[in-house]
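Summary of the model geometry
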Amino acid sequence: MSDIFGTPRPSRPPREGPDRRQRVIVPTLVTLALLLFLGSIFTSVWTDRLWFKSVGYSDVFRSVLFTRVSLFLVLGLLFGLFVVGNLFIAFRTRPDAAPMRRDDPAYRYRLALTPLLRPIAIGLGLVLSGFAGSVAAAHWDTYKMWRNSTPFGTKDPQFGKDVSYYVFEYPWWRFLTSYSFALIVITVLAVVFVNYVYGGIRIAGRGPKLTRAAQVHLSVLVGLAVLLKAVSYYLDRFGLMIGSGGLVDGVTYTDANARIPSKNILIGVAIVCALLFFAAIFIRSWALPAMGLGLLALSSILIGAIWPAVMQGFQVKPSEPDKEGPYIAKNIEATRKAYGVNDVKVESYSAKTSLTPAELASSAESRVSTRLLDPTLISDAFEQLQQVRGYYAVPPTLDVDRYKLGDEDQPQDTIIAAREINLSGLQSSQRNWANDHTVYTHGYGVIAARGNQRGPNGEPVFVARDIPPVGEIKTTTPPRIYFGEQSPSYSIVGRPKGQAPIEVDIPRGGASNDKSGEDNATQNTYDGKGGVPVGNLFNKALFAFKFAEPNIVLSNRVNSESKILYDREPRDRVKKVAPWLTVDGDTYPAVVDGRVVWVVDGYTTSNSYPYSYHRSLRDATADTLTDGQSQAALPTDQVNYLRNSVKAVVDAYDGSVKLYQWDTKDPVLKTWMKVFPNVVEPKAKISNALLEHLRYPVDLFKVQRDVLQRYHVTDAQTFYEDGERWKVPEDPTAPTGSNALQPPYYLSTARPGEDVPKFSVTSVYLPNSRQNLAAFVSVNSEATDTANYGKMQILQLPSETQISGPSQIANDFQTDKGVSQALLQYQQSKTATILYGNLLTLPVGNGLLYVQPVYIKRSAIEGSYPVLQFVIASFGKDVGFGQTLDEALRVALGLKAGSVPTDSPTTPKTGGDTPAAKTASALLDDATGYYEDAQAALKKGDLSTYQRRINQMADAIAAAQRAVSAENSAAKK
């Protein structure tokens, strides 16, 4: 070696010091980190490939992967190469000898960078390409929708463009513009830095001085940036069509008459400014481009901001209803169409508060098949009575379906749940890797009960029960639940031929339907087609890395016939094979053709429907069930278009996924069917057996219910005044202080104009500032009723009719003297808890009937569960209480058990007039007698007589109070 004067220096032996070790360790750690990162990517991609192959959706995997990789490479490399190429041009056109002082920061940068220019350029290009490519790959769905756009057949009223432009094309053009602008900005900054370091830009005197080459280079880049700004102004005009923040979403008066014209002007100014920058290539001065840039900035302030503000404040605000009226009307029309409620009409409903007993009884009997069992309260009863073993479980909130039971012609409301495996139910001594992932692998069968009946002690009346399953709902194939809402993260199944099965199946000692008298096998080996083969060493290693579990490689339970089951939750499986769908939060099991399946509703959405109102899916669907995590919450995505376009079915045994087209007119679904041909099967392939169990999805109903709070009004002037806004009531059964909204309820009821009860999803509205009822809303949910399925009916009550809302009715129920006296023994008891079930509202006899089940839970007994003990019913001001709905209605009508209602008007439930001539003392004696009779009736279980005597007691006490007042008045005289 030599010093700077060329004098050789004696060589020194290398030293093994900390610096040398650091130089070795750091690259090693970086290499290992890189290998770990690449290995995780490879593991994720390859295992996904195997998973998609196992469910038969390899085309989806290949299409998405190819698109993402293509966008990553094309746009990522374009980004990186463009920046590095411009840096190379800036370096090559640097001045040959740039005078620099040693104290100049640029001088130090040059000394540091010059020896490392090539690796820095390569590294910078790779980093930028990777980052930009990742951003581009994330927009694969936007690109696919643009390439496969399907017309809506509806033109926007401002520009006359088909709605498909906003939904499919505009998002892609907006992304490309933003992407390109970011590319130019980063390139300009990088080129400025290189020119500064190598003398192309010198900061001295009055300001920076640029070489001719640097000036030309930057002129071209800035000109491109300004040209992109012109494109952005062009797109901004269409962005106003889907914008929010004004009086209503979409274009308003100021947008149409100020902002859109200003954008047109700014487009011209930006183009002129860009041409001036390009002219600087030939003109040595930057004076004209600088003036153009200043003009653009001034124009954007004066024309783009001040002009619209002045128009809004001085022209629109003073006459806002008149100016904005046409735009409000467009918003109303577009919103109702985008959310699928454009055909919904509000019907006037008389809502009588009094009927003859015959009218009410006959109407209730013929029009209502009321579901009394509350799916949110009977989970414990299902588990305690039908759990069979501690490692089985049902969800905290069960599902409502309907089945034809026995010889009945009409389907009956049925509460149903899958009996799933629950590893947390195992004892701690049983918890180990082998048990968790190879032994306790699946649940068994469904549990179902009639929705409108109770057993002798208030327990559910089961129509599917036990292991092996028996009951009126038949399963013809082994109903093992390998895929469900509570399945373990993964299970490894399969055994070589000849080896004994190890999966727990039917619990030891379980009942058997085998007429030979032999018990069924207690263990089983999975033989379904689902699952990913994991028998070879390569796949073992991949999944051991994926799940961070070495036992997958080391255990001899993972053999040549093994399969690994994962991603087992039905919603997750549907979202994975159809990533373009938003999935409903309420997945439910059904027995179809003797096989247990999960039904999942899928939505196509957009946030780019012109003029339509934007709403957060999570906010619109939040209620008691989502707050309590009994139902999955939807994402916080802002949408302004929603369709239930797909019905998905996931087999509980083999995990197979079927997607069926449901909305045959939805352009968004048609677009995705072009992207992924043969993935969604035609609607005609839905079997009749499956059709019987499809229903109107709850989250779609909740979003529509949310939108119709305001958009039930179709007159622009009334909408602006906002005096007719409704609100969804809070759930009166929710914990105090939660403020959670009342969820919709599935039940069978005959709506006005219908004679036969139909399975429906229902809810109610209140006026915005009051607690009385404003309207009742229901949707026909029977998919077999093709002519009427999905038809929404809104019954609006007259404003002068004061019908109590849910909170008021709940208060009336809990303060009613008869109800309070009947429940007093439970309220005073420390060993029982009173639970009020879902408060159902039903249109009956041109009025509204409220029904609420009351459950009692013995809290001091281990393994206790709520039992349906009573039913409360109310029509008008009359409250009835009984052990059945029929009994509660009769009490409300003042009828004795077994009596036939007459056509006489409804009378006070006192059993006769209290003689006015009686003294206060005599009246109090009567009240005491009524109370004693009531207690005697209660002990006998005669709730009808009990309720009548309690009402008579209350009337007698009231009469006694009046008598005392009269006597006091007479004494004063």
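Keep in mind it's a predicted model, so treat the numbers as computed, not measured.

1. A word on the overall build of the protein chain
- Across its full length, the protein chain carries 27 helices and 36 strands.
- Considering the protein chain as a whole, with its 973 residues, one finds that 51% of them fall into the buried category.
- Counting only contacts in the protein chain whose residues sit at least 6 apart along the sequence, the fraction spanning at least 24 positions is 69%.
- Taken as a whole, the protein chain presents about 45000 Å² of accessible surface, with 55% of it coming from carbon and sulfur.

2. A few points about the nonpolar core
- By size, the foremost hydrophobic cluster in this structure holds 182 residues, and its most contacted members are Tyr57, Phe382, Val574, Trp580, Leu659, Phe676 and Leu694.
- Examining the composition of this core, we find that 16 residues originate from one element, helix α6 (residues 163-197), more than from any other.
- Leave out the neighbours within four places in its chain, and Tyr57 touches Phe52, Val577, Val657, Lys658, Leu659 and Val679.
- Among the nonpolar cores identified, the runner-up in size contains 28 residues, and Val764, Leu773, Phe870 and Phe881 belong to it.

3. Comments concerning the sheet that holds strand β7 (residues 412-418)
- The strand order across the open sheet formed by 5 strands is β6-β7-β10-β11-β12, and the pairing between neighbours is antiparallel. The outermost strands of the open sheet, each flanked by one partner alone, are β6 (399-403) and β12 (470-471).
- Bridging between strand β11 (residues 462-465) and β12 involves 2 bridges; their strand directions are antiparallel. The residue bridging Ala464 from the neighbouring strand is Gly471, located in β12.

4. Considerations on helix α14 (residues 537-546)
- Along α14, the residues that are buried comprise Asn539, Lys540, Leu542, Phe543 and Ala544.
- For α14, the capping residue at the N-terminal end is Asn536, with a side-chain oxygen 3.2 Å from the backbone nitrogen of Phe538.
- Phi turns positive, to about 50°, at Ala548, one or two residues after α14.

5. What about the packing of helix α5 (residues 140-147) against α6?
- In contact at an axis separation of 8 Å, α5 and α6 are set at 125° when each is read in the N-to-C sense. Regarding the angle of α5 to α6, the classification is oblique. Crossing of α5 against α6: the hand is left-handed. In this structure, α5 uses Thr142, Tyr143, Met145 and Trp146 to contact α6, whose residues at the interface are Val167, Phe168, Glu169, Pro171, Trp172 and Trp173.
- Classifying every residue of the contact of α5 with α6 by side-chain character gives 8 nonpolar, 1 polar and 1 charged.

6. What to know about helix α4 (residues 117-137)
- Given a rise of 1.5 Å per residue, 21 residues ought to cover 30 Å, and the 29 Å separating the end C-alpha atoms of α4 matches this to within 8%.
- Among all positions of α4, only Gly125, Leu128, Ser129, Ala132, Gly133, Ala136 and Ala137 are buried. An end-on view of α4 places all buried positions within 150° of arc, on one side of the element. Residues of α4 that are exposed and point over 90 degrees away from its buried face: Pro119, Leu126, Val127 and Phe131.
- Residues of α4 that are buried make contact with α2 (58-92), α5 and α6.

7. Concerning the packing of aromatic side chains
- Counting across every chain of the model gives 45 aromatic pairs.
- Aromatic side chains Phe52 and Phe61 sit 5.6 Å apart centroid to centroid with 35° between the ring planes, which places their arrangement in the tilted category. Each of the two residues, Phe52 as well as Phe61, counts as buried.
- Here Tyr711 and Phe719 contribute two aromatic rings whose centre-to-centre distance is 5.0 Å and whose plane-to-plane angle is 50°, an arrangement assigned as tilted.
- Phe719 gets classed as buried once you look at its relative accessible area, which sits at 2%.
- Through a chain of ring-to-ring contacts, the aromatic side chains of Phe79, Tyr143, Trp146, Trp172, Trp173, Phe175 and Tyr179 assemble into a single cluster.
- Over the face of the ring belonging to Trp46 we find Arg49, whose NZ or CZ atom lies 4.5 Å from the ring centre.
- If you follow Arg94 out to its NZ or CZ, it ends over the ring of Phe91, 3.9 Å from the centre.

8. Some thoughts on the sheet that holds strand β17 (residues 532-533)
- In spatial order, the strands read β14-β18-β17; together these 3 strands make up an open sheet with antiparallel pairing. Bordering the open sheet on either side are β14 (490-493) and β17, each of which pairs with just one other strand.

9. Side note on the side chain of His712
- Summarising the element assignment, His712 is placed in the loop between α21 (698-711) and α22 (716-721).
- Residue contacts for His712: discarding those within four places in its chain leaves Arg336, Val346, Glu724, Arg725 and Trp726.

10. Observations regarding the pattern of salt bridges
- Evaluation of the coordinates by the stated rule reveals 27 salt bridges.
- Here Arg402 makes a salt bridge to Asp401, at a shortest N to O gap of 3.3 Å. Each member of the pair, Arg402 as well as Asp401, carries the same accessibility label: buried.
- Notably, a salt bridge pairs Arg431 with Asp436, separated by 2.9 Å at the nearest N-O pair.
- Taken together, the shared-partner salt bridges connect Asp48, Asp567 and Lys576 into one network.

11. What about the environment of Val341?
- Of note, Val341 is situated in the loop between α10 (320-338) and β3 (346-348).
- Sequence separation of Val341 and Leu708 is 367 residues, and the distance between their C-alpha atoms is 8.2 Å.

12. Brief notes about unusual backbone geometry
- Looking along the chain, the bond that leaves Ile467 and enters Pro468 is cis, with omega of -5°.
- Checked against the element boundaries, Pro468 lands in the loop between β11 and β12.
- Even without being glycine, Asp722 reaches a positive phi, approximately 60°.
- Residue class for Asp722 comes out partly exposed when judged on its relative accessible area of 27%.
- One non-glycine residue with positive phi stands out, namely Asn739, at about 60°.

13. A closer look at the environment of Val854
- Assignment of secondary structure puts Val854 in strand β34 (residues 847-858).
- Among the residues examined, Val854 registers a relative accessible area of 0% and is labelled buried.
- Distance in space between the C-alpha atoms of Val854 and Phe881 is 9.9 Å, their sequence separation being 27 residues.
- What Val854 contacts, discounting residues up to four positions off in sequence, is Leu823, Ile834, Leu835, Tyr836, Val867, Leu868, Gln869, Phe870 and Ile872.

14. Some words on the pairing of strand β31 (residues 792-796)
- Burial analysis of β31 places 4 of its 5 residues in the buried class, the great majority of the element.
- Across 3 bridges, β3 lies against β31 in parallel orientation. Within the sheet, the bridge partner assigned to Glu347 lies in β31 and is Leu795.

15. Quick look at a nonpolar patch on the surface
- There is a patch of nonpolar side chains on the surface, built from Leu34, Phe37, Leu38, Ile41, Val45, Leu65, Val69, Phe72, Leu73, Val74, Leu77 and Leu81 and spanning about 1000 Å² of accessible area.
- Among the elements that make up the nonpolar patch, the one with the highest residue count is α2 (7 residues).
- By the element assignment, Leu73 lies in helix α2.

Reading the values: the criteria
Residues numbered from 1 in each chain as written. Predicted model: local features only at pLDDT ≥ 70, side-chain atom pairs only at ≥ 80, totals over all residues. Heavy atoms only, no water. Helix = DSSP H or I, 4+ residues; strand = E, 2+ residues; numbered from the N terminus. Buried < 20%, exposed > 50% of the residue type's maximum accessible area, 1.4 Å probe, protein only. Contact = heavy atoms within 4.5 Å. Areas by Shrake-Rupley, 256 points an atom, 1.4 Å probe, with all protein chains shown as cover. Core = buried A, V, L, I, M, F, W, Y, C linked by side-chain atoms within 4.5 Å. Pairing = 2+ DSSP bridges. Polar contact = N/O pair within 3.5 Å; in protein donor to acceptor, adjacent residues only side chain to side chain. Axes fitted to C-alpha atoms, helices over the stretch in contact; angles between N-to-C directions. Parallel < 35°, antiparallel > 145°, perpendicular 65-115°, else oblique. Left-handed = near helix turned anticlockwise from the far one by under 90°. Nonpolar A, V, L, I, M, F, W, Y, C, P; charged D, E, K, R; others polar. Expected span 1.5 Å × (residues − 1). Arc of directions from axis to C-beta. Phe/Tyr/Trp six-rings, centres within 6.5 Å; stacked < 30°, edge-to-face > 60°. Lys NZ or Arg CZ within 6 Å of the ring centre and 35° of its normal. Salt bridge = Lys/Arg side-chain N within 4 Å of Asp/Glu carboxyl O. Patch = residues over 30% accessible without salt bridge, like charges linked within 9 Å, V, L, I, M, F, W, Y side chains within 5 Å.

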